[in-house]
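Descriptive analysis of the structure
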Amino acid sequence: MKLIRFGQEGAEKPGVITSSGKKIDVSAFGEDYNEEFFGSDGLKRLSVWLTENEDVCSQVSEDVRLAAPLARPSKIVCVGLNYAKHAEEAGMAVPNEPVLFFKSTTALSGPYDDVILPKNSEKTDWEVELAIVIGKKASYVALEEVEDYIAGYVLHNDVSERAFQIEKDGQWCKGKGCDTFAPVGPFIATKDEIKNPNDLELWLEVNGERLQHSSTNDFIFDVQTVVSYISQFMTLLPGDMISTGTPFGVGLGLHPPRYLKPGDVMELGIEGLGSSRQVCKAYSETQRIKNNR
């Protein structure tokens, strides 16, 4: 099953992409894709509901905005330096354990929404990533049990402001959590749709130039290891998102380094998870007023 959410910001509705590729509105099911949905066997209940109601669900028009395919989660946990070649290009040692950081949930945005370059930004960068959606409450999960806790997978662009992240004192979250810095989607593919998350092609282009092109088989820590490891330090709630790191080819690693500017277009995709597209826009005072409403 492929889950989507659609509609204007603040008024999103749940939907599904059918096996024939048609987008349908399932808001009559009565639940959004949030912690309660995932934590109460929502995927199974929705599947049963669709067997009886799919034919009467209205079709979602192609010109309707696609939102992030999950409602704002309790947390977005990210893994840094999780591809061997990316660690090399960043000039950092391969970590002995997963490097963890958090991304603000207010950074969440749709797969085709604009990315706003933040106020005083100097070095905003791109990062195509595979993200995991947690399916049920997870604490101290054994490696062999991880599959039971995964709901599905989704495409994520872990947009990062490198000057905020690296050149300022403190932790990475300063450069990771800016508004619009987590474009997610276009859909969540349930885990049965992805045969092997540890062997998926992924890519990213800026203005039509392919800069990232790799496979999750370059993971240092695979999907199962990441979920089990994180659950040793915190409880993962249903609907939480874990972003598993980016491959080589980020702007920081180019010679000379290269960063995003207004008008740049990022396009990215992962095998089995579709593609997304974001246009970079400069921060404006209008953005501040909108955020403070």
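Everything below is about the structure printed above this text.
Here the structure is a predicted model, which means the values were calculated and not measured. (Residues numbered from 1 in each chain as written. Predicted model: local features only at pLDDT ≥ 70, side-chain atom pairs only at ≥ 80, totals over all residues. Heavy atoms only, no water.)

**Structural notes on the environment of Asp-158**
Mapped onto the secondary structure, Asp-158 falls in the loop between β11 (150-157) and β12 (160-161). A sequence separation of 25 residues divides Asp-158 from Val-133, and the C-alpha atoms of the two residues are 15 Å apart. A polar side-chain atom of Asp-158 sits 3.0 Å from a polar atom in the side chain of Lys-176. (Helix = DSSP H or I, 4+ residues; strand = E, 2+ residues; numbered from the N terminus. Polar contact = N/O pair within 3.5 Å; in protein donor to acceptor, adjacent residues only side chain to side chain.)

**Some remarks on helix α5 (residues 223-231)**
Residue pairs three or four apart in sequence face the same way in an α-helix, which turns once every 3.6 residues. Judged by how many residues are buried, α5 sits mostly within the fold: 8 of 9 residues are covered. Every buried residue belonging to α5 is among Val-223, Gln-224, Val-226, Val-227, Ser-228, Tyr-229, Ile-230 and Ser-231, and all of these are buried. Looking at the buried side of α5, the elements it contacts are β5 (76-80), β6 (99-103), β10 (128-134), β11 and β17 (241-243). (Buried < 20%, exposed > 50% of the residue type's maximum accessible area, 1.4 Å probe, protein only. Contact = heavy atoms within 4.5 Å.)

**Focus on the state of the cysteines**
Under the defined criterion, the tally for this structure stands at 0 disulfides. With no disulfide of its own, Cys-78 lies closest to Cys-173 among cysteine sulfurs, the gap being 11 Å. By relative accessible area, which is 0% here, Cys-78 ends up buried. Cysteine Cys-280 shares no disulfide, and the gap to the nearest cysteine sulfur, in Cys-178, comes to 13 Å. Residue class for Cys-280 comes out buried when judged on its relative accessible area of 1%. (Disulfide = S-S within 2.5 Å.)

**Focus on the side chain of Asn-82**
Relative to the helices and strands, Asn-82 resides in the loop between β5 and α3 (84-89). Side-chain polar atoms of Asn-82 contact the backbone oxygen of Thr-244, separated by 2.9 Å. Setting aside chain neighbours within four positions, we find Asn-82 in contact with Asp-218, Phe-219, Ile-220, Phe-221, Val-226, Thr-244 and Gly-245.

By themselves these figures say nothing about function.
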